[in-house]
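# A look at the structure
Listed below are the residues making up each chain.
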Amino acid sequence: MRNSRQVVIQSESTTTMGEVDPVFIQDPQHRPKLSSIQLQGIPVIDLSPITNNTVSDPSVIESLVKEIGNACKEWGFFQVKNHGVPLAVRQRVEEASRLFFAQSTEEKRKVSRDENNPVGYYDTEHTKNVRDWKEVFDFQARDPTFVPLTLHEHDDQITQWTNPNPQYPPNFRGVIEEYIEEMEKLSFKLLELIALSLGLEAKRFEEFFIKDQTSNIRFNHYPPCPSPHLALGVGRHKDAGALTILAQDEVGGLEVKRKPDGEWVPVKPTPNVYIINVGDLVQVWSNEAYESVEHRVTTNSAKDRFSIPFFFFPAHDTQVKPLEELINEQNPAKYRPYKWGKFLARRKSDNFKKKNVENIHVTHFKIA
Ligand SMILES: O=C(O)CCC(=O)C(=O)O
Ligand SMILES: [Fe+2]
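Residues numbered from 1 in each chain as written. Chains lettered and ligands numbered in written order. Predicted model: local features only at pLDDT ≥ 70, side-chain atom pairs only at ≥ 80, totals over all residues.

## Observations regarding the overall build of the chain
As a reminder of what qualifies: Per the convention used, a helix needs a DSSP run of H or I reaching at least four residues, while a strand needs a run of E reaching at least two, with both numbered from the N terminus. For the radius of gyration, the atoms used are the C-alpha atoms, and the globule rule reads 2.2 Å times the number of residues raised to 0.38. What counts as a contact here is a pair of residues whose C-beta atoms, placed from the backbone, lie within 7 Å.
On a plain count of helices and strands, the chain comes out with 8 helices and 20 strands. The globule rule puts the C-alpha radius of gyration for 368 residues at 21 Å, and the 20 Å found for the chain is close to it. Expressed along its principal axes, the backbone C-alpha trace of the chain runs to roughly 60 × 50 × 50 Å. For the chain, restricting intrachain contacts to residue pairs at least 6 apart in sequence, the fraction spanning at least 24 positions comes to 76%.

Quick look at the structure:
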C-alpha cells in the first residue's frame, strides 16, 4: 500500500502523525468518527425454519418472512445465523485468503486483473474517486462468465471473463469453489424469502440467475492504516447486485448508514453469522419497497482485517425493471429498464480506467 509519493499528514483531531498518500484521504464530511460506542445493531435473524427439515408449521415460516421484510425496509441489512453453511467450509476459505494475501506483492500481481478480464488481484480500487485502503482478489462464480463484448446498447456480441489460477495456497481454487456453492444455495434461499416478503411467488427471481449468472466473490484485505481518521477501507457505496452475503472476521470496521437519521452504525462482529444486504437490483425490482443502503469500512492502525463478500448477480442478458406485480397506477414504475450485463461491463470499465467521473449507478435509470 506504500509508495514513493507517500507524505506525512498532520492529523486534525489528534496530535498523532500518520503517513498516508493523499489519494487515500477522504473529504472531511466523509471521514469516520471512529467512536467505540456500539449502537443498537442490525437484526440477527435465525434461519433454522428453512435449514432445519423438521419444521412443518407454516406460521414459523410466515414470521421469518415478516422479519426479513421488516429488516429490508428498516435497514436494508440483516445478519443470519443457523444459515446452513458448514463452518469448516468458511474456515477453509478464510484461511486460504490470509495465506494468499500474506505473499509478496510480486507474487500477488501474477494473478492481477486487466482491462479485458477484470478478475483477480488488485490494490488500487477507488470508491467515489478516493483510493480505498485495501487490496482485493476477485473470482467469478461461473468460469467462464459471459458478459457483453462492448458497452453499446444494441450490440449483442458476448465475451467471457475467466478466473485466474493462483499457485498459492495449494488448491485455492477448489476451496473457493466449494465456498461459492454454499453462497449460491444461501442466496437462492434468501431471495425466496425476500420474494415472499414482497408478496411475490417464492421463485419469482430464480429465472434471472439459473442460466449464466455473473456473481462474484471478493476477498478483501485491509492492512493496518496509520491514519484511520483520514482514510477508509472502502468508501461509502451501495452494492449494485441483487444481494450480498458478507463474512467479516473478528476485527470489525463495517458501518451501515442508518435509515432515518443517516448515522453510521458499526456492525459488531459475531462468529459464524453472515451479513446480508439487498442491493440496487432488489431496489429496482421492488420499485423501492426495499432500498439498497450505503455502507463503508473504517480502518484501524493495529490490525489487519479480512472480509469476504459474495455478490449475487444475475445473467448478463437480464432486463432489469420494476416487477409488473409491484407497480400500478398509484405506484408507477420508478425506473427505466436496463440490461444488467451492459451495466456491469460499464462499471468494471469505468472502475479500471479510474475515470474522474462518478461510476455508473442505478440512479441513471431513475424516472424523475
Ligand atoms: O469489508 C466489508 O465489511 C464490506 C466490503 C464491501 O462493502 C464491499 O466490498 O462491497
Ligand atoms: Fe459493499
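## Things to note about helix α5 (residues 172-197)
How we decide: Expected span of a helix, by definition, is 1.5 Å for each gap between consecutive residues, and there is one gap fewer than residues.
With 26 residues, α5 should cover 38 Å at 1.5 Å per step; its first-to-last C-alpha distance of 37 Å lies within 8% of that length. Of the residues flanking the end of α5, it is G199, one or two places downstream, whose phi is positive at about 80°.

## Considerations on the sheet that holds strand β12 (residues 234-237)
Here is the rule we go by: DSSP-based pairing: two strands are paired if at least 2 bridges between them are found. Axis geometry follows a simple rule: fit a line to the C-alpha atoms, using only the stretch in contact for helices, then measure angles between N-to-C directions, giving values from 0 to 180 degrees.
With respect to topology, 4 strands assemble into an open sheet ordered β12-β17-β14-β15, the strand pairing being antiparallel. At either end of the open sheet lies a strand with only one pairing partner, and these are β12 and β15 (264-266). Averaged over all pairs of adjacent strands, the angle between strand axes in this sheet comes to 20°, irrespective of strand direction. Strand direction decides the pairing type here: strand β14 (residues 254-257) and strand β17 (residues 295-297), joined by 3 bridges, are antiparallel. By the bridge assignment, V256 is partnered in β17 with H295.

## Re the packing of helix α2 (residues 58-74) against α5
Here is the rule: For classification, angles of less than 35 degrees are called roughly parallel, those exceeding 145 degrees roughly antiparallel, those between 65 and 115 degrees roughly perpendicular, and all remaining angles oblique. By the convention adopted, Pro, Cys, Tyr, Trp, Phe, Met, Ile, Leu, Val and Ala count as nonpolar, Lys, Arg, Asp and Glu as charged, and the other residues, Gly among them, as polar.
The interhelical angle for the contact between α2 and α5, taken along N-to-C directions, is 85°, at an axis separation of 8 Å. Overall, the two elements α2 and α5 adopt an arrangement that is roughly perpendicular. When α2 is examined against α5, the residues L64, V65, I68, G69 and C72 are found in contact with a partner set consisting of L193, I194, L196 and S197. Residues belonging to the contact of α2 with α5 are distributed by class as follows: 7 nonpolar, 2 polar and no charged.

## What about the site of ligand 1?
We count it as follows: We call a residue near a molecule or strand if the C-beta atom, set from the backbone, is within 6 Å of it.
Ligand 1 sits among R218, N220, V234, D239, L246, Q248, L254, H295, V297, S307 and P309. Classifying every residue of the shell around ligand 1 by side-chain character gives 5 nonpolar, 4 polar and 2 charged.

## What about the packing of helix α3 (residues 87-101) against α5?
Rules: Helix crossings get a hand from a simple test, with the near helix turned counterclockwise from the far one by less than a right angle marking a left-handed crossing and a clockwise turn marking a right-handed one.
It is at 9 Å that the axes of α3 and α5 come closest, and there the two elements cross at 140°. It follows from the interaxial angle that α3 and α5 lie oblique. When you trace α3 past α5, the crossing you get is left-handed. In contact with V89, R90, R92, V93, A96 and F100 of α3, α5 contributes F172, V175, I176, E178, Y179 and E182. By residue class, the composition of the contact of α3 with α5 is 8 nonpolar, no polar and 4 charged.

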